Amino acid sequence: MDYQGILNEIKVNVDCTKLPGEVASYIPELAKISPDKFGMHLYSVIGEEFCFGESQERFSIQSISKVLSLSLALLYEGENVWKRVGVEPSGDPFNSLVQLEYENGIPRNPLINSGALVICDILVSHLENPKAEYLQFVRKIAQNDQIDFDEKVAESEKAEGHHNRAMINLIKAYGNIKNDVEEVLDFYFYTCSVQMSCKELARTFVLYANHGCLIETGEQILSVKRTKRINALMQTCGFYDEAGEFSFRVGLPGKSGVGGGIVAVYPNMYSVAVWSPKLNEKGNSTAGMLALELLTNITGSSIF
Ligand code: GLN
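Computed from a predicted structure; not experimentally measured.

In this section: the packing of helix H5 (residues 113–126) against helix H8 (residues 162–173). Packing of H5 against H8 brings their axes to within 10 Å, and their N-to-C directions diverge by 65°. The element H5 and its partner H8 pack so that their crossing is right-handed. Along its contact with H5, which presents Asn-113, Ser-114, Leu-117 and Val-118, the element H8 presents Asn-164, Met-167, Ile-168 and Ile-171. When the residues that make up the contact of H5 with H8 are grouped by side-chain class, the tally is five nonpolar, three polar and no charged.

Structural data, given as structure tokens:
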């Protein structure tokens with residue numbers, strides 16, 4: 001497959017400057033990013049790379065980090081994770097509080113904010129130094145020691161994070177947060193602030209296209225069964241109340257973040273990351289969704 005030719009075609013056909021959308025501004029630090037950034041990077045399971053645009057510029061991965069947090073929590077807590085968080089799509093916005101009250105503080109899934117907060121609580125219970133150990137895990141699967149938090153973004157969100165603060169307090173009231181809420185929130189904001197480029201993101205997520213094995217060494221980081229389940233959750237829950245739309249248009253498991261990044265995984269084939277900061281009303285990158293839709297349309301190949 002001529003992936004570089006296909007990526008070039010996508011670049012020509014997706015003009016992010018003309019597409020609608022707004023850069024996320026509820027995290028003040030993210031509002032400073034230029035809306036016209038655009039990059040894409042595809043990493044195959046045999047280590048080939050194809051890219052265009054600003055694919056090597058770092059951005060805030062935001063909710064994409066929820067997949068990494070879940071992966072680490074599964075390593076510590078195993079199947080017990082599913083006693084505290086569900087595996088159903090929410091059909092609600094990423095930061096919605098409504099279901100929590102109906103469902104007694106058990107979040108629908110780990111890829112929405114409420115679920116990720118519970119996952120962070122699990123990690124805070126297990127890790128002696130959560131931020132450092134989280135970063136160590138991410139660096140390992142990224143095979144890159146340069147990956148880091150963006151403290152400015154984390155602190156900016158912490159200062160304005162009233163919605164997440166309300167949410168974690170509500171979950172705590174139902175007994176599904178065991179640690180101090182401020183400690184868990186602080187850790188959550190830092191996980192969201194991890195910075196990666198499309199190249200680094202695609203490189204990190206190739207693990208999920210490769211049945212949980214690092215492609216260089218073959219080391220099994222996640223079991224085949226867990227990798228299958230994480231990909232299934234990305235498919236059904238990775239885009240909040242637009243998960244159906246993403247499945248319909250793109251046909252790959254994926255995860256978005258309000259930094260404008262989207263990563264998608266094609267098991268046995270590749271992982272692909274795209275970045276364009278303008279978001280639609282569901283909080284997903286407009287150009288990113290279109291670019292991935294073109295990728296699976298032009299290649300004529302998706303998991304469906
Ligand atoms: N840190 C963001 C928040 O909690 C992540 C949301 C996202 O990327 N969808 O609101």
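What follows concerns the environment of Gln-146. With respect to the helices and strands, Gln-146 occurs in the loop between helix H6 (130–142) and helix H7 (151–160). Using a relative accessible area of 56% as the deciding quantity, one classes Gln-146 as exposed.

By the secondary structure assignment, Ser-63 is in the loop between strand S3 (59–60) and helix H2 (65–77). Residue classification places Ser-63 among the buried residues on the basis of a relative accessible area of 6%. A distance of 3.3 Å separates polar atoms of two side chains, one belonging to Ser-63 and the other to Tyr-240.

Let us now look at the packing of H2 against H6. Two elements in contact, H2 and H6, have axes separated by 11 Å at closest approach and are oriented at 105°. Judged by the angle between their axes, H2 and H6 are roughly perpendicular. Here Ser-65, Leu-68, Ser-69, Ser-71, Leu-72, Leu-75 and Tyr-76 of H2 lie close against H6, whose contacting residues are Glu-133, Tyr-134, Phe-137, Val-138 and Ile-141. Looking at the contact of H2 with H6 residue by residue, the class counts come to eight nonpolar, three polar and one charged.

Under the 1.5 Å per step criterion, the end-to-end length of H5 is 20 Å for 14 residues, consistent within 8% with the ideal 20 Å. Within H5, twelve of the 14 residues are buried, which leaves it mostly tucked inside the rest of the structure. All buried positions along H5 are accounted for by Asn-113, Ser-114, Gly-115, Ala-116, Leu-117, Val-118, Ile-119, Cys-120, Asp-121, Ile-122, Leu-123 and Val-124.

Residues in close proximity to the ligand total 13 residues, the closest being Tyr-26, Gln-62, Ser-63, Glu-157 and Tyr-188. The side chain of Ser-63 places a nitrogen or oxygen atom 2.7 Å from an oxygen atom of the ligand. Tyr-188 is positioned such that a nitrogen or oxygen atom in its side chain is 2.6 Å from an oxygen atom of the ligand. Expressed as a share of its isolated accessible area of 300 Å², the protein-covered part of the ligand is 99%. Class assignment for the residues of the shell around the ligand results in six nonpolar, five polar and two charged.

Leu-68, Leu-201, Phe-205 and Tyr-208 are the most contacted members of the largest nonpolar core, which has 66 residues in total. Contacts of Tyr-208, omitting those with residues within four sequence positions, involve Val-67, Leu-68, Ser-71, Ile-141, Leu-222, Thr-227, Ile-230, Asn-231, Met-234 and Val-265. In terms of nonpolar packing, the next biggest core, distinct from the first, is built from 27 residues, Ala-243, Val-272, Val-274 and Ala-291 among them.

With respect to topology, five strands assemble into an open sheet ordered S2-S1-S7-S6-S5, the strand pairing being antiparallel. Each end of this open sheet is capped by a strand with a single partner; those strands are strand S2 (49–53) and strand S5 (254–256). Put simply, the sheet's adjacent strands are angled 5° from each other on average, direction ignored. Two elements, strand S6 (residues 261–266) and strand S7 (residues 270–275), share six bridges in a ladder whose sense is antiparallel. Residue pairing in the sheet places Val-263 in a bridge with Ala-273 of S7.

With the rule as written, the count across this model stands at twelve aromatic pairs. Between Phe-205 and Tyr-208, the aromatic rings sit 5.0 Å apart at their centres with planes inclined by 35°, giving tilted as the arrangement. Taken together, the residues span about one helical turn, with Phe-205 and Tyr-208 both in helix H10 (residues 198–209) at a distance of three residues. Tyr-208 shares its class with Phe-205; the two are buried.

Here is what the cut-offs are and how they apply
Within each chain, residues carry numbers counting from 1 in the order of the written sequence. Reporting of local features is limited, given that this is a predicted model, to residues whose pLDDT is at least 70; pairs of side-chain atoms are given and counted only at 80 or more, and all residues count toward the totals for whole chains, interfaces and linings. Side-chain figures throughout are based on the complete set of non-hydrogen atoms in the structure, without hydrogens or water. Each axis is a line fitted through C-alpha atoms, and for a helix only the stretch in contact is used; angles between axes span 0 to 180 degrees, taken between their N-to-C directions. Counting from the N terminus, the helices are DSSP H or I runs at least four residues long and the strands are E runs at least two residues long. By convention the crossing between two helices is left-handed if the near helix lies anticlockwise of the far one by an angle smaller than a right angle, and right-handed if it lies clockwise. Residues are treated as being in contact if the distance between any of their heavy atoms lies within 4.5 Å. The classification used treats Ala, Val, Leu, Ile, Met, Phe, Trp, Tyr, Cys and Pro as nonpolar, Asp, Glu, Lys and Arg as charged, and all other residues, Gly among them, as polar. Relative accessible area decides the class of each residue, using a 1.4 Å probe on protein chains only: under 20% of the type maximum gives buried, over 50% gives exposed, and in between gives partly exposed. N or O atoms within 3.5 Å of each other form a polar contact, as long as, within protein, one can give a hydrogen and the other can take it, and as long as residues adjacent in sequence are counted only when both atoms are side-chain atoms. Small angles under 35 degrees read as roughly parallel and large ones over 145 as roughly antiparallel, with 65 to 115 read as roughly perpendicular and the rest as oblique. Helix span, expected: 1.5 Å multiplied by one less than the number of residues in the helix. We define proximity as follows: a residue is near a molecule or strand when any one of its heavy atoms falls within 4 Å of that partner. We get accessible surface area from the Shrake-Rupley algorithm with a probe of 1.4 Å; when it comes to residues, only the shown protein chains can shield them. Definition used in this section: a nonpolar core is a set of buried Ala, Val, Leu, Ile, Met, Phe, Trp, Tyr and Cys residues joined via side-chain atoms within 4.5 Å. Two strands are counted as paired when DSSP detects at least two bridges linking them. When two rings of Phe, Tyr or Trp (its six-membered ring) have centres within 6.5 Å they constitute a pair, described as stacked for plane angles under 30 degrees, edge-to-face for angles over 60, and tilted for the intermediate range.

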